[in-house]
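Residue-level listing of the chains:
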Amino acid sequence: ISFAIGGVTMKGWMFVMRLSASGRSFHWIYLNQAQEAFFDGHVRAFEHFSGVTRRIRYDNLKPAVARVLQGRSRTESVRFISLRSHYRFDSFFCIPGIEGAHEKGGVEGEIGRFRRRHLVPVPKVSSLAELNEVVTAGDEKDETRHIAGRLSSVGEHFALERPHLMALPTERFDVALALICRVDPKSRICVRQNFYSVPVRLVGRRLEVLLSADRIEVRVGAKVVALHGRSAGKGAETLLLDHYLETLEHKPGAFLGSTALFSARR
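Reading the values: rules and limits
- Residues numbered from 1 in each chain as written.
- Predicted model: local features only at pLDDT ≥ 70, side-chain atom pairs only at ≥ 80, totals over all residues.
- Heavy atoms only, no water.
- Pairing = 2+ DSSP bridges.
- Helix = DSSP H or I, 4+ residues; strand = E, 2+ residues; numbered from the N terminus.
- Salt bridge = Lys/Arg side-chain N within 4 Å of Asp/Glu carboxyl O.
- Buried < 20%, exposed > 50% of the residue type's maximum accessible area, 1.4 Å probe, protein only.
- Core = buried A, V, L, I, M, F, W, Y, C linked by side-chain atoms within 4.5 Å.
- Contact = heavy atoms within 4.5 Å.
- Polar contact = N/O pair within 3.5 Å; in protein donor to acceptor, adjacent residues only side chain to side chain.
- Disulfide = S-S within 2.5 Å.
- Phe/Tyr/Trp six-rings, centres within 6.5 Å; stacked < 30°, edge-to-face > 60°.
- Lys NZ or Arg CZ within 6 Å of the ring centre and 35° of its normal.
- Axes fitted to C-alpha atoms, helices over the stretch in contact; angles between N-to-C directions.

### Some words on the sheet that holds strand 1 (residues 2-5)
Ordered by their spatial adjacency, 3 strands build an open sheet running 2-1-9, and the pairing between neighbours is mixed. Looking at strand neighbours, the two that pair on one side only are strand 2 (8-11) and strand 9 (124-125), the edges of this open sheet. Note: strand 1 against strand 2, 4 bridges, orientation antiparallel. Counted as the bridge partner of S2 is K11 from strand 2.

### A closer look at the pairing of strand 1
The antiparallel hairpin formed by strand 1 and strand 2 contains 2 residues in its connecting segment, where G6 sits at a positive phi of about 60°. Bridging between strand 1 and strand 9 involves 2 bridges; their strand directions are parallel. Bridge pairing links I5 to V125 in strand 9.

### Notes on the pattern of salt bridges
Side-chain pairing between opposite charges can occur once the charged atoms of the two side chains come close. One pass over the full model with this rule turns up 13 salt bridges. A salt bridge links R172 to E47; the nearest nitrogen and oxygen atoms lie 2.6 Å apart. Placement of the pair is R172 in the loop between helix 5 (154-161) and strand 10 (177-182) and E47 in helix 1 (residues 35-49), with a sequence separation of 125 residues. Overall, the relative accessible area of 38% leaves E47 in the partly exposed class. As a salt-bridge pair, R215 and E217 come within 3.2 Å of each other at their nearest N and O atoms. Taking the relative accessible area as the measure of exposure, R215 reaches 38% and is therefore partly exposed.

### Some points on the nonpolar core
Of all hydrophobic cores here, the largest spans 29 residues; its most connected members are F49, F80, Y87 and F89. Going through the elements one at a time, strand 3 (13-18), strand 4 (25-30), helix 1, strand 5 (55-58) and helix 2 (78-87) are the ones with two or more residues in this core. When residues in this core are grouped by element, the largest group, 7 residues, is from helix 1. Once residues within four sequence positions are removed from consideration, F80 is found in contact with F38, F39, Y58, P63, A64, F89, S91 and F93. Core analysis: the next-biggest nonpolar cluster, separate from the first, contains 15 residues, C181, V198, L207 and I216 among them.

### A look at the side chain of R188
For R188, the location among the structural elements is in strand 11 (residues 188-191). Judged by its relative accessible area of 11%, R188 falls in the buried class. A polar contact is formed between the side chain of R188 and the side chain of E237, at a distance of 2.5 Å. Dropping the residues within four chain positions of it, R188 is found in contact with R182, V183, F195, Y196, S197, E237, L239 and Y244.

### Quick look at the state of the cysteines
Using the criterion set out here, one finds 0 disulfides in the structure. Not engaged in a disulfide, the cysteine C181 finds its nearest cysteine sulfur in C190; these two sulfurs lie 7.6 Å apart. Look at C190 and you get partly exposed, because its relative accessible area is 39%.

### A word on the packing of aromatic side chains
Under the criterion given, the structure shown has 13 aromatic pairs. Here F80 and F89 contribute two aromatic rings whose centre-to-centre distance is 6.4 Å and whose plane-to-plane angle is 70°, an arrangement assigned as edge-to-face. For the pair formed by F80 and F89, the shared burial category is buried. Three or more aromatic residues joined by ring pairs form one cluster here, namely F15, F26, W28, F38, F39, F46, Y58, F80, Y87, F89, F93 and F173. Between R24 and the ring centre of F158, over which it is positioned, the NZ or CZ distance is 4.3 Å. Geometry around F195 places R188 over its ring, the cationic atom sitting 4.1 Å from the centre.

### Brief notes about the sheet that holds strand 15 (residues 223-229)
The pairing of strands in a sheet comes from backbone hydrogen bonds and takes either a parallel or an antiparallel form. Spatial ordering of the open sheet is given by 10-13-14-15, a layout of 4 strands whose pairing is antiparallel. Unpaired on one side and paired on the other, strand 10 and strand 15 mark the two borders of the sheet. For this sheet the average axis-to-axis angle between neighbouring strands, irrespective of direction, equals 25°. Relative to strand 14 (residues 215-220), strand 13 (residues 206-211) is paired through 4 bridges, and the arrangement is antiparallel.

Printed below as a string of C-alpha cells:
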C-alpha cells in the first residue's frame with residue numbers, strides 16, 4: 001500500500017481479516033511485515049468484531065509457519081501457537097502455489113477492493129495513526145455496502161453472524177517480544193538493525209526491550225527509561241535529545257555538532 005506521510009511517499013503493508021459468512025472485514029496498515037504486526041492485527045481484528053472466529057484460513061506465511069510439511073501439515077511457530085491458544089481458534093493452511101490460490105480468494109479480492117475504494121488517490125497524511133483513522137472510516141462505510149447477489153448489507157449480515165463468534169478472553173494477548181539488548185558507547189540499542197537512544201547513564205548495560213508492532217519500550221526493572229516509535233527499514237537512527245543532555249552539560253562544545261540535536265531539529 002502506498003501513501004504519503006508529511007509529503008514523503010512511503011510503502012506499507014495492510015493486514016486484512018475477512019469473515020466469510022457476512023463479508024465484514026477489518027483492515028490496518030503497518031510499516032513492516034514483522035511477526036509482531038501480524039499478531040497485533042489479530043488482536044485488533046478480534047476486538048473490531050467483538051468476538052473470535054472458530055477457524056482462520058491462512059497461506060503459508062512465515063510469522064505463522066516455521067516449516068511446511070506434506071499435504072496440509074505445518075510446523076507452526078511457537079509464538080503463533082501461543083496466540084491461537086490464547087484466543088482458542090483453529091488454523092487452516094492453504095495448499096502452496098497455484099493449487100491453493102482459490103482457497104482464500106475472498107480475502108485476496110478484499111485487499112484490492114478496499115484499496116481502490118478507500119485508498120485511491122494515494123492518501124496524504126501527517127502520521128501513520130492518521131492513515132489508520134482513514135482506514136477505520138473505510139471499514140465503517142463498508143457496513144452499508146451490499147455484496148453482489150445479496151439483499152442485506154454487510155452490517156445486517158454480520159448481526160446474524162455475530163452470535164456464532166466465540167467470546168473474547170478476559171485479557172488481551174501481549175504481542176510484544178521481549179529482548180535483551182546492550183547499550184553501545186553512543187548510548188544506543190540496536191533492535192532489528194535499527195538504532196534507538198537511551199539515557200547516557202546506561203551505556204554498557206544490558207536492558208530489557210519490549211518490541212511491539214509500532215514501538216520500542218526500554219525498561220530498567222519496572223521503570224520505562226525510553227520509548228520510541230518503531231523505525232521502518234534498516235540502519236535508521238532514532239535519537240532523543242533528552243537522553244544526551246547529561247553528557248552535553250559537561251561537554252557544551254559538543255552540543256551544536258551532536259547527531260541528537262540534528263535529529264531533534266529535523
